[in-house]
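The lines below spell out each chain.
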Amino acid sequence: QTSTWSATTDRTCQKLTTCLDGQYEKTAATATSDRVCVDLTNCDAGWRQDVAKTSTSDRVCAMCAQGQYKESAGNSPLCTPCETGEFQNWRGQSDCKTCNFFCAKGSQHKGCSGSEQGQCVKCTAGHFKSADGDAPCVKCLAGTAQSAPASTSCAVCVGQGHLAADATNFKF
């Protein structure tokens, strides 16, 4: 209603507002008030659509979980898992972090994927790594062995008293 009724005039009514694309009806029209339309939420990068919009409710966005990301804003209900060699230990992110596989000699990197950045672990018995870097531990070659963890080399087997090259208990 744009003007009120009196003894000498009739009231004038205004056309009700129509919500546009990209809006929802927050408050319904009544006999004395117009409806209220509000712009829809757009999910930011790192956030996915969790609950879809309706004509009378806004969409609900939720953060992407650890180990996932969403690169740009938009209303996709999906986040993308981190690829091999990447991880993301925070929620609501727009990208994944690259795994750092650098470890000291005698150790290698294990466990980087999804939401875990992994860590350097000692080479197991029968394996070695001779230099700092991102290379993995390698198995001792035939005719050599190593019983200690975190080894940087393997020892040459001598005589008849040794076990197979991949054994962890041996005699020199």
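Model, not experiment: these values are computed from the prediction. (Residues numbered from 1 in each chain as written. Predicted model: local features only at pLDDT ≥ 70, side-chain atom pairs only at ≥ 80, totals over all residues. Heavy atoms only, no water.)

Can you tell me about the overall build of the chain, naming the residues and giving the values?
Broken down by element type, the chain carries zero helices and 14 strands. Reading the helices (α) and strands (β) of the chain from amino to carboxyl end gives β-β-β-β-β-β-β-β-β-β-β-β-β-β. A sequence separation of at least 24 residues applies to 34% of the contacts in the chain between residues at least 6 apart. Accessible surface, the chain: about 11,300 Å² in total, of which carbon and sulfur atoms supply 51%. (Helix = DSSP H or I, 4+ residues; strand = E, 2+ residues; numbered from the N terminus. Contact = heavy atoms within 4.5 Å. Areas by Shrake-Rupley, 256 points an atom, 1.4 Å probe, with all protein chains shown as cover.)

I'd like a rundown of the side chain of Arg59, residues and numbers included.
Structurally, Arg59 is set in the loop between strand E3 (47-51) and strand E4 (60-63). Despite its burial, Arg59 pairs with no opposite charge, the nearest such side chain being Asp58 at 5.2 Å. Polar side-chain contacts of Arg59 include one of 2.5 Å to the backbone oxygen of Thr41. Reaching out from Arg59, the side chain makes a polar contact with the side chain of Gln49 at a distance of 2.9 Å. Setting aside anything within four residues of it in sequence, one finds Arg59 in contact with Leu40, Thr41, Asn42, Cys43, Gln49, Val51, Ala52, Lys53 and Asn75. (Buried < 20%, exposed > 50% of the residue type's maximum accessible area, 1.4 Å probe, protein only. Lys, Arg positive; Asp, Glu negative; His and termini not counted. Salt bridge = Lys/Arg side-chain N within 4 Å of Asp/Glu carboxyl O. Polar contact = N/O pair within 3.5 Å; in protein donor to acceptor, adjacent residues only side chain to side chain.)

Break down the pattern of salt bridges for me, citing the residues and quoting the values.
The full count for this structure, using the stated rule, is two salt bridges. A salt bridge links Glu25 to Arg35; its shortest N-O distance comes to 2.5 Å. In this pair, Glu25 sits in strand E1 (residues 23-27) while Arg35 sits in the loop between E1 and strand E2 (36-39), placing the two residues ten residues apart along the sequence. Where Asp50 meets Arg48, a salt bridge forms, and the shortest distance between an N and an O atom there is 3.1 Å. Accessibility expressed as a relative area gives 44% for Asp50, which makes it partly exposed. With a relative accessible area of 24%, Arg48 lands in the partly exposed category.

Describe in detail the state of the cysteines, supporting the description with residues and values.
Considering all chains together, one arrives at eight disulfides under this definition. With a sulfur-sulfur separation of 1.9 Å, Cys123 is cross-linked through a disulfide to Cys137. Residues Cys123 and Cys137 share a disulfide whose torsion about the S-S bond is about -80 degrees; that sign makes it left-handed. In this pair, Cys123 is assigned in the loop between strand E10 (116-122) and strand E11 (127-128) and Cys137 in the loop between E11 and strand E12 (138-139), connecting sequence segments 14 residues apart. Residue Cys123 shares its accessibility class with Cys137, and that shared class is buried. The side chain of Cys140 participates in a disulfide bridge whose partner is Cys154; the two sulfur atoms lie 1.8 Å from each other. One quick way to see it: the torsion about the S-S bond of Cys140 and Cys154 is about -70 degrees, and its sign makes the bridge left-handed. Linking Cys140 in the loop between E12 and strand E13 (144-145) with Cys154 in the loop between E13 and strand E14 (155-156), this pair joins segments that are 14 residues apart in sequence. When its relative accessible area of 5% is taken as the criterion, Cys140 is described as buried. For the unlinked cysteine Cys157, the closest cysteine sulfur is that of Cys140, found at 8.4 Å. (Disulfide = S-S within 2.5 Å.)

Which residues make up the side chain of Lys70, and what values do they have?
Along the chain, the position of Lys70 falls in the loop between strand E5 (68-69) and strand E6 (80-81). No salt bridge forms around the buried Lys70; measuring N to O, its nearest opposite-charge neighbour Asp44 is 7.8 Å away. Beyond its immediate sequence surroundings of up to four residues, Lys70 is in contact with Cys43, Asp44, Ala45, Gly46, Trp47, Arg48, Cys64, Ser76, Leu78, Cys79, Gln93 and Ser94.

Purely geometric numbers; function is a separate question.
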